[in-house]
Amino acid sequence: MDSIMGAVVGPTLIFYVIQLGGTKEHYGMMQSTGMLAAMLTIPMYGSWVDSNGNKYTTPYMCSFFLGVISNMMYFLAVLLPKGPIAIYTVMFSRFITGAAGSGRTLSYSWVASSIPPDKQRTIITLLSMSRTFGMIAGPLTNYLVSEINTEWKVLGFEIPLDPNNSIGLIMVGGELILALITFLFFNEPPAKEEKLDKIAKADASGSTKESKGVLYALSHFDILFPIFTIFVVMCNFMLLGTAFSPVARNMGWNSVSISEVSAWGSLVMASGMVISMVVSMRDVSDFAMIVFGFGNFFVGGWCIYDWWKEEVGYWRFTIPMYILYFAYPFIGPANRSKYTRAIYDNKEFEGSHGVILSLVNQAAALAGFVAPTLVASLILRNPEDIEQSSDKHQLTPGALYVPIFSALVIAGLTYQDFCRAKRRKSTVESVVSETTSLMQSADKKGARASIVQISDTFSRSSEVSRRMSVECMEIPNPVDTKYERELSAKLLKDKEDWEEIERIYNLEE
């Protein structure tokens, strides 16, 4: 239901903004305000669940209530005088919509609390499939409202109903349906805390070991670079997400045509997820997957600028978008895998995995907040400017930041995987002695992970951050790389060992 509503609003927003007397700059700001609200409220929902005994119903109901309020404001904004009043009312409604939508991230937290770790991937796959189907159903909803042009009389007021504002009313109905389904069928996770989690909290609180802060983590290139990578990914997607609808409108497309292309794009992304999942099960390196993804970003970004001209054909207009949709599933999980490996390779971050994992999502949110406003203000061209220009490009040369940033990531990745890796290998070999060689052989299987490390890895906050770091267009990516699967299996085995040790210790007492 969420993805259906998102697929409906996205294509119509630019039409509604223009109808209310707004500009492309206002449209970009509206895209940014929703992400700003999500940045502020996602941690609040998590803290709410932590403080109320792991109960989700009330936070969910709050998010639905905010959704009803925001979409009613969106619907009724047409009654206000055109210009700043109507525009900023819609902008505020988008802010509240972002706050409401951020409550849906509780689904990851609920899965982490209710489903065993070895079964969670199946549930995330089902979530991904349901949201993909929702994106596909979006054009049908837009088609149903595309011919609406009437008035609704309520308490003496005549409220116009058209294809743009009627979307808000449909979304109010969707929020009420979600609230009813949640109230009737939602099951709270078991309100219990495992003994190992209690021990981990005691160990963490009683430890005198100096904690390493965020700035210290960012001083590590292998930590900082994946954060920069996801920032670039989101900036690249924001060009597409912000510019596609206005450019399509300039070409004479309607909201139904735009949502149809978005639906095809979600199918292309789903196919990319399936292929990347198959590839990840083989010995294909994270480096190769990320380079493949950003190579496609380079080509797609260049084509967006070069091909998007006045009166461009359908395929030259849509193919660059499909290239970007197909490429992302190869980048997200592989980048997360490299980031996770960097965290676990640095023992000083033990007990802080959840916090450090959240840095990736904060980078993505920052890109989602900044990029739409900049794209709308500096890259999108008005129809008048296009008409007066000699090249007839729909976008300014600023759109070339997509291939430039993509090339920069590929260069940084090459430096990380070859130059830095070779330097680390030389450093290790230079300090190897007869003693260290024997010690390494004896410990070849790897030491058992600590209770703090295990508890932190499988905590709700870590799992939410992990899953959100590869989400795109609100579609979860269920792909886990080979390294992530092996790490999870090892930590689960270590957890069983610690539980067995704890059981034997209790018996001896």
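Sequence positions are assigned chain by chain, starting from 1 and proceeding in written order. Totals for whole chains, interfaces and linings use every residue, but because this is a predicted model, local features are given only for residues with pLDDT of at least 70 and side-chain atom pairs only at 80 or more, for both listing and counting. Only hydrogens and water are set aside when side-chain values are computed; all heavy atoms of the structure are taken into account.

Enquirer: Please explain the overall build of the protein as it appears in this structure.
Expert: Secondary structure elements are taken from DSSP: a helix is a run of H or I of four residues or more, a strand is a run of E of two residues or more, and numbering for both begins at the N terminus. Counting its regular elements, the protein contains 20 helices and 2 strands. Between buried and exposed lies partly exposed: a residue is buried under 20% and exposed over 50% of the maximum accessible area for its type, with that area taken using a 1.4 Å probe on protein chains only. Counting the 509 residues in the protein, one finds 49% classified as buried. Between two residues, a contact is recorded if the distance between any of their heavy atoms is within 4.5 Å. Counted over contacts in the protein with a minimum sequence separation of 6, partners at least 24 positions apart contribute 83%. A 1.4 Å probe and the Shrake-Rupley method give the accessible areas. Residues count as covered only by the protein chains that appear here. About 24100 Å² of surface is accessible on the protein, with carbon and sulfur atoms providing 64% of the total.

Enquirer: Help me out: how do you make sense of the side chain of asparagine 71 in this one?
Expert: Tracing the backbone through its elements, the reader meets asparagine 71 in helix H3 (residues 57-76). Non-local contacts of asparagine 71, meaning those with residues more than four positions away in its chain, are made with Thr97, Gly168, Met171, Val172 and Glu175.

Enquirer: I would appreciate a short explanation of empty space enclosed by the protein in the present structure.
Expert: Only protein atoms enter the calculation, which uses a 1 Å grid: trapped sets of points that fit a 1.4 Å probe without letting it out are cavities, open sets showing protein on both sides within 12 Å along at least five of seven lines are pockets, and any residue with an atom within 4 Å of a point is a lining residue. Grid points are joined across faces, edges and corners, and a volume is the space filled by probe spheres set on the points. Under the criterion given, the structure shown has 1 cavity of 30 Å³ or more. The volume enclosed by the largest cavity comes to roughly 50 Å³. Together, Ile230, Gly332, Asn335, Arg336, Tyr339, Leu357, Val360, Ser469 and Val470 line the largest cavity. Looking at the lining of the largest cavity, the elements that each hand over two or more residues are helix H13 (314-345) and helix H14 (353-379). Here the lining of the largest cavity gets 4 residues from one element, more than from any other, and that element is H13.

Enquirer: Would you mind showing me how to read the pairing of strand E2 (residues 157-161) here?
Expert: In terms of strand pairing, strand E1 (residues 150-154) meets E2 through 5 bridges, oriented antiparallel. Residue threonine 150 lies in a different strand from E2, and its bridge partner there is leucine 161. Each pair of strands is called paired provided DSSP finds at least two bridges between the two strands. Between the antiparallel neighbours E1 and E2 lie 2 residues, among them leucine 155 with a positive phi of about 55 degrees.

Enquirer: Mind showing me how you'd approach the side chain of threonine 97 here?
Expert: With respect to the element layout, threonine 97 can be found in helix H4 (residues 84-102). Under the relative-accessibility criterion, threonine 97 is labelled buried at 17%. As used in this structure description, the phrase polar contact means that two N or O atoms lie within 3.5 Å; if the pair is within protein, one of them must be able to donate a hydrogen and the other to accept it, and residues adjacent in sequence are counted only when both atoms belong to side chains. Only 3.0 Å separates the side chain of threonine 97 from the side chain of serine 70, close enough to count as a polar contact. Apart from residues no more than four positions distant in its own chain, threonine 97 is found in contact with Ser70 and Asn71.

Enquirer: Looking at this structure, I do not really get the pattern of salt bridges. What am I missing?
Expert: Oppositely charged side chains may form a pair once their charged atoms are brought near each other. In the sections that follow, a salt bridge refers to a side-chain nitrogen of Lys or Arg positioned within 4 Å of a carboxyl oxygen of Asp or Glu. Applying the stated criterion to the full structure yields 4 salt bridges. As a salt-bridge pair, lysine 24 and glutamate 25 come within 2.8 Å of each other at their nearest N and O atoms. The shortest N-O distance in the salt bridge between lysine 338 and aspartate 417 comes to 2.8 Å. In this pair, lysine 338 sits in helix H13 while aspartate 417 sits in helix H16 (residues 401-431), placing the two residues 79 residues apart along the sequence.

Enquirer: I keep staring at unusual backbone geometry and nothing clicks. Help me out?
Expert: A negative phi angle characterises most non-glycine residues, just as the trans form characterises most peptide bonds. Phi at lysine 392 takes a positive value of approximately 65 degrees, unusual for a residue other than glycine. With respect to the element layout, lysine 392 can be found in the loop between helix H15 (383-388) and H16.

Enquirer: Explain helix H11 (residues 255-280) to me, please; I cannot follow it from the model alone.
Expert: Since the α-helix turns once every 3.6 residues, residues separated by three or four places project in the same direction. For a helix, the expected span equals 1.5 Å multiplied by the residue count minus one. In this model H11 runs 37 Å from its N-terminal to its C-terminal C-alpha over 26 residues, within 8% of the 38 Å that 1.5 Å per residue would give. The backbone nitrogen of valine 256 lies 3.2 Å from a side-chain oxygen of the residue at the head of H11, namely asparagine 254.

Enquirer: When you look at helix H10 (residues 221-250) in this model, what are you seeing that I'm missing?
Expert: Along its 30 residues, H10 runs 43 Å from first to last C-alpha, staying within 8% of the 44 Å computed at 1.5 Å per residue. Most of H10 sits out of view: 23 of its 30 residues are buried. Among the residues trailing H10, glycine 252 stands out with phi positive, at a value near 95 degrees.

Enquirer: What is the right way to read the environment of aspartate 391 from this model?
Expert: Its place among the elements puts aspartate 391 in the loop between H15 and H16. C-alpha of aspartate 391 to C-alpha of glutamate 310: the two residues are 81 residues apart in sequence and 8.9 Å apart in space. Excluding its chain neighbours within four sequence positions, the residues that come into contact with aspartate 391 are Tyr305, Lys309 and Arg381. A distance of 3.1 Å separates the side chain of aspartate 391 from the side chain of arginine 381, its partner in a polar contact.

Enquirer: Sorry, what's going on with the nonpolar core here?
Expert: In globular proteins that are soluble, nonpolar side chains generally tend to be buried together. In plain words, nonpolar cores are sets of buried Ala, Val, Leu, Ile, Met, Phe, Trp, Tyr and Cys residues tied together by side-chain atoms within 4.5 Å. One finds Ile223, Leu239, Phe297, Trp308, Tyr339 and Leu395 to be the most contacted residues of the largest nonpolar core, which totals 85 residues. Setting aside anything within four residues of it in sequence, one finds tryptophan 308 in contact with Leu240, Ala243, Phe244, Val247, Cys303, Arg316, Phe317, Pro320, Lys392, His393, Gln394 and Leu395. Grouped together as the second largest cluster of nonpolar side chains are 8 residues, Tyr56, Tyr60, Phe64 and Leu178 included.

Enquirer: Where do I start with the packing of H3 against H4 in this structure?
Expert: Helix-helix packing: each pair is described by the crossing angle between the helix axes and the interaxial distance. Under this scheme, a helix contributes an axis fitted over its contacting stretch, all axes are lines through C-alpha atoms, and angles between N-to-C directions fall in the 0 to 180 degree range. Interaxial distance between H3 and H4 falls to 8 Å at its minimum, and their mutual angle equals 160 degrees. With respect to H4, the element H3 is oriented roughly antiparallel. The crossing of H3 and H4 is left-handed. Facing H3, whose interface residues are Ser63, Leu66, Gly67, Ser70, Asn71, Met73 and Tyr74, H4 presents Thr89, Val90, Phe92, Ser93, Arg94, Ile96, Thr97, Ala99 and Ala100. Each residue is assigned to one class: nonpolar for Ala, Val, Leu, Ile, Met, Phe, Trp, Tyr, Cys and Pro, charged for Asp, Glu, Lys and Arg, and polar for all the others, Gly among them. Tallied by class, the residues present in the contact of H3 with H4 amount to 8 nonpolar, 7 polar and 1 charged. An angle counts as roughly parallel when it lies under 35 degrees, as roughly antiparallel when it exceeds 145, as roughly perpendicular when it falls between 65 and 115, and as oblique in every other case. Should the near helix be turned counterclockwise from the far one by less than a right angle, the crossing is left-handed, whereas a clockwise turn marks it as right-handed.

Enquirer: Is there a simple way to explain the packing of aromatic side chains in this structure?
Expert: For any pair of aromatic rings, the description rests on two quantities: the centre-to-centre distance and the angle between the ring planes. Between the rings of Phe, Tyr and Trp (Trp by its six-membered ring), a pair exists once the centres lie within 6.5 Å; its type follows the angle of the planes, with under 30 degrees stacked, over 60 edge-to-face, and the other angles tilted. Going through the model one piece at a time under the given rule, you end up with 23 aromatic pairs. Here the aromatic rings of tyrosine 60 and phenylalanine 186 are separated by 5.5 Å at their centres, their planes lie at 75 degrees, and the arrangement is edge-to-face. One end of the pair, tyrosine 60, is in helix H3; the other, phenylalanine 186, is in the loop between helix H7 (166-185) and helix H8 (195-206), with 126 residues separating them in the sequence. Of the residues examined, tyrosine 60 reaches a relative accessible area of 10% and is grouped as buried. Phenylalanine 186 gets classed as partly exposed once you look at its relative accessible area, which sits at 24%. Aromatic pair phenylalanine 75 and tryptophan 152: ring centres 6.3 Å apart, planes at 50 degrees, arrangement tilted.

Enquirer: How should I be thinking about the environment of leucine 400 in this particular structure?
Expert: By the secondary structure assignment, leucine 400 is in the loop between H15 and H16. Given the relative accessible area of 19%, leucine 400 is considered buried. Counting along the chain gives 164 residues from leucine 400 to asparagine 236, while the straight-line C-alpha distance between them is 10.0 Å. With sequence-adjacent residues up to four places away left out, leucine 400 is seen in contact with Trp302 and Tyr305.

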